[in-house]
Amino acid sequence: AIGDGEETIIELISNLNSNKNIEYISKIPGIYVFGLEKNFNKREEFDLNKSNFLKIDLNEKYKAPERISLYFSKGCIGECTFCNDVNIMGKFRIRPAEQVFKEIFYYTEKGVSKFDFNDLLINGDMVELDKFCDLVISHGLKIGWVAHAIPMKNLTHIMLKKMKLAGCDALMYGVESGSDKIIQHMQKYTNVKTIEKVLDDSNKVGIENWINIIVGYPTETEEDFQMTLDFIKRNRKNITKICNAKTCNVVYNSELMGNKEKYDLILPRDNAVAEIRWKTKDGKNTDELRKNRLRKLLDLAKDLKLEVYEHNLNAFADYENKKQADRYFN
């Protein structure tokens, strides 16, 4: 099922239950059948105003999990060059706050109190987020939730305080770099000064700050990288943990991969290693350089007693023994 699957999966199940043949099923909008590619029809993006939530019947056979995952929105307001989510998930759309609240309320009555928002960002529409927080607070729900967020100006101290009152335990921030130049090149909607203000305000109201860092962006110099290290040191008291520390990968369907000439990138012919083993045409940014920078960042985190939940250093292991690596390049 390609694209939004809410309507696609219902039609698929209905047709399977009706014993429709594979030729017929391959023509359902959104369904891609290998070997019958000619029948594929794209499905329009799902209108989230029409969405509903899955009421799982929590009983003796299906006991309440510790946490429930859900989403408030689809897509992203950002256009980060290293990311392919915006191309996969489409334009930003948000569910009505009342609908999300009803979903959470349903599960609280089943004994669930912890929730994970799987959105690309929780602060894409502050009007609906504000409504949601008001609903949780006014109904006195005792819940906890975690979400992704862009550390930008709409996350004011007042808004963060309200989010905490509404149960926000932690926010996963896409910080990525401590260099304004790199943040601008990544096309992120923020800057270092704003990020530091948001992290400080978030910490003050009691929300944990989990940050993501990317090292080795195509235009990142040693000076830019040092700015990232300095940023982490400078803001250590406001960083709960580093959620992801990764080298910059040139992923499929991203701005970087789609415009590799613009970014002076050389990609291996072998797709199995392309996203990791890219290099710049001037030879200054290589996978070895990015790996070494990540090691330095991990060493710093260790010195600062800062937990790193996940990193991609091990992703290089499969290619360590390929001494003839340059043969992959055009």
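Keep in mind that what you see is a predicted model, and the values were worked out from it rather than measured.

## A closer look at the nonpolar core
Turning to step 1, where the next piece is worked out: By size, the foremost hydrophobic cluster in this structure holds 64 residues, and its most contacted members are Phe 117, Ile 122, Phe 132, Trp 145, Met 163 and Leu 171.
Turning to step 2, where the next piece is worked out: Per-element accounting of this core gives the leading share, six residues, to helix α4 (residues 97-108).
Turning to step 3, where the next piece is worked out: Discounting chain neighbours no more than four positions away, the residues touching Met 163 are Ile 122, Leu 129, Cys 133, Trp 145, Leu 155, Cys 168, Leu 171 and Ile 207.
Turning to step 4, where the next piece is worked out: Listed in part, the 13 residues of the second largest apolar core include Cys 80, Tyr 217, Cys 248 and Leu 267.

## Thoughts on the sheet that holds strand β7 (residues 208-215)
Turning to step 1, where the next piece is worked out: Across the sheet, which stays open at both edges, the seven strands sit in the order β1-β4-β5-β6-β7-β8-β11 with parallel pairing between neighbours. A single partner strand is all that each edge strand has here, and the edge strands are β1 (67-70) and β11 (308-311). Put simply, the sheet's adjacent strands are angled 15° from each other on average, direction ignored.
Turning to step 2, where the next piece is worked out: Strand direction decides the pairing type here: strand β6 (residues 168-176) and β7, joined by six bridges, are parallel. Its bridge partner being in β7, Gly 174 is matched across the sheet by Asn 212.
Turning to step 3, where the next piece is worked out: Seen against the sheet, α4 touches β1 and β4 (114-117) and runs at an angle of roughly 150° to β4.

## Description of unusual backbone geometry
Turning to step 1, where the next piece is worked out: At Asn 253, a position not held by glycine, the phi torsion is positive, near 70°.
Turning to step 2, where the next piece is worked out: Locating Asn 253 in the fold gives a position in the loop between β8 (241-247) and α10 (255-258).
Turning to step 3, where the next piece is worked out: Positive phi values are uncommon outside glycine, yet Asp 264 reaches one of about 55°.
Turning to step 4, where the next piece is worked out: For Asp 264, the position within the fold is in the loop between α10 and β9 (265-266).

## A short note on the confidence of the model for the protein
When pLDDT drops low, the exact placement of atoms in the prediction is not to be read closely.
Turning to step 1, where the next piece is worked out: On average, residues of the protein score 91 in pLDDT, and 95% of them reach the 70 mark or higher.
Turning to step 2, where the next piece is worked out: The model gives residues 321-330 a pLDDT under 50, and that stretch makes 19 contacts with residues more than four places away or in other chains.

## Observations regarding a nonpolar patch on the surface
Turning to step 1, where the next piece is worked out: Residues Ile 2, Tyr 32 and Phe 34 make up a contiguous nonpolar surface patch of about 350 Å² in total accessible area.
Turning to step 2, where the next piece is worked out: The topology assignment puts Ile 2 in the segment before α1 (6-17).

## Overview of the packing of aromatic side chains
Turning to step 1, where the next piece is worked out: Throughout the structure, instances matching the rule amount to nine aromatic pairs.
Turning to step 2, where the next piece is worked out: One aromatic cluster in this structure is built from Phe 72, Phe 117, Phe 132 and Trp 145.
Turning to step 3, where the next piece is worked out: Lying across the ring of Tyr 24, Lys 20 places its NZ or CZ 4.8 Å from the centre.
Turning to step 4, where the next piece is worked out: Above the ring of Trp 210, the side-chain terminus of Lys 241 is found at 4.1 Å from the ring centroid.

## Details of the pairing of β6
Turning to step 1, where the next piece is worked out: With eight of nine residues buried, β6 is to be regarded as a mostly interior element.
Turning to step 2, where the next piece is worked out: Pairing of strand β5 (residues 144-149) with β6, which is carried by five bridges, proceeds in the parallel orientation. Counterpart to Val 146 in the pairing with β6 is Ala 170.
Turning to step 3, where the next piece is worked out: Tracing the backbone out of β5, into helix α6 (residues 157-165) and back to the parallel element β6 gives a crossover that is right-handed.

## Structural notes on the pattern of salt bridges
Turning to step 1, where the next piece is worked out: One pass over the structure, following the stated rule, counts 27 salt bridges.
Turning to step 2, where the next piece is worked out: Between Lys 74 and Asp 4 there is a salt bridge, and its shortest N-O distance comes to 3.2 Å. Here the residue Lys 74 occupies a position in strand β2 (residues 73-74), and Asp 4 occupies one in the segment before α1, the gap between them amounting to 70 residues. When sorted by exposure, Lys 74 lands in the same class as Asp 4, which is buried.
Turning to step 3, where the next piece is worked out: Look at the salt bridges and you will find they share partners, linking Asp 4, Glu 6, Glu 45, Lys 74, Lys 91 and Arg 93 into a network.

Calculation notes
- Residues numbered from 1 in each chain as written.
- Predicted model: local features only at pLDDT ≥ 70, side-chain atom pairs only at ≥ 80, totals over all residues.
- Heavy atoms only, no water.
- Core = buried A, V, L, I, M, F, W, Y, C linked by side-chain atoms within 4.5 Å.
- Buried < 20%, exposed > 50% of the residue type's maximum accessible area, 1.4 Å probe, protein only.
- Helix = DSSP H or I, 4+ residues; strand = E, 2+ residues; numbered from the N terminus.
- Contact = heavy atoms within 4.5 Å.
- Pairing = 2+ DSSP bridges.
- Axes fitted to C-alpha atoms, helices over the stretch in contact; angles between N-to-C directions.
- pLDDT = per-residue confidence, 0-100.
- Patch = residues over 30% accessible without salt bridge, like charges linked within 9 Å, V, L, I, M, F, W, Y side chains within 5 Å.
- Areas by Shrake-Rupley, 256 points an atom, 1.4 Å probe, with all protein chains shown as cover.
- Salt bridge = Lys/Arg side-chain N within 4 Å of Asp/Glu carboxyl O.
- Phe/Tyr/Trp six-rings, centres within 6.5 Å; stacked < 30°, edge-to-face > 60°.
- Lys NZ or Arg CZ within 6 Å of the ring centre and 35° of its normal.
- Right-handed = clockwise from strand over helix to strand, strands pointing away.

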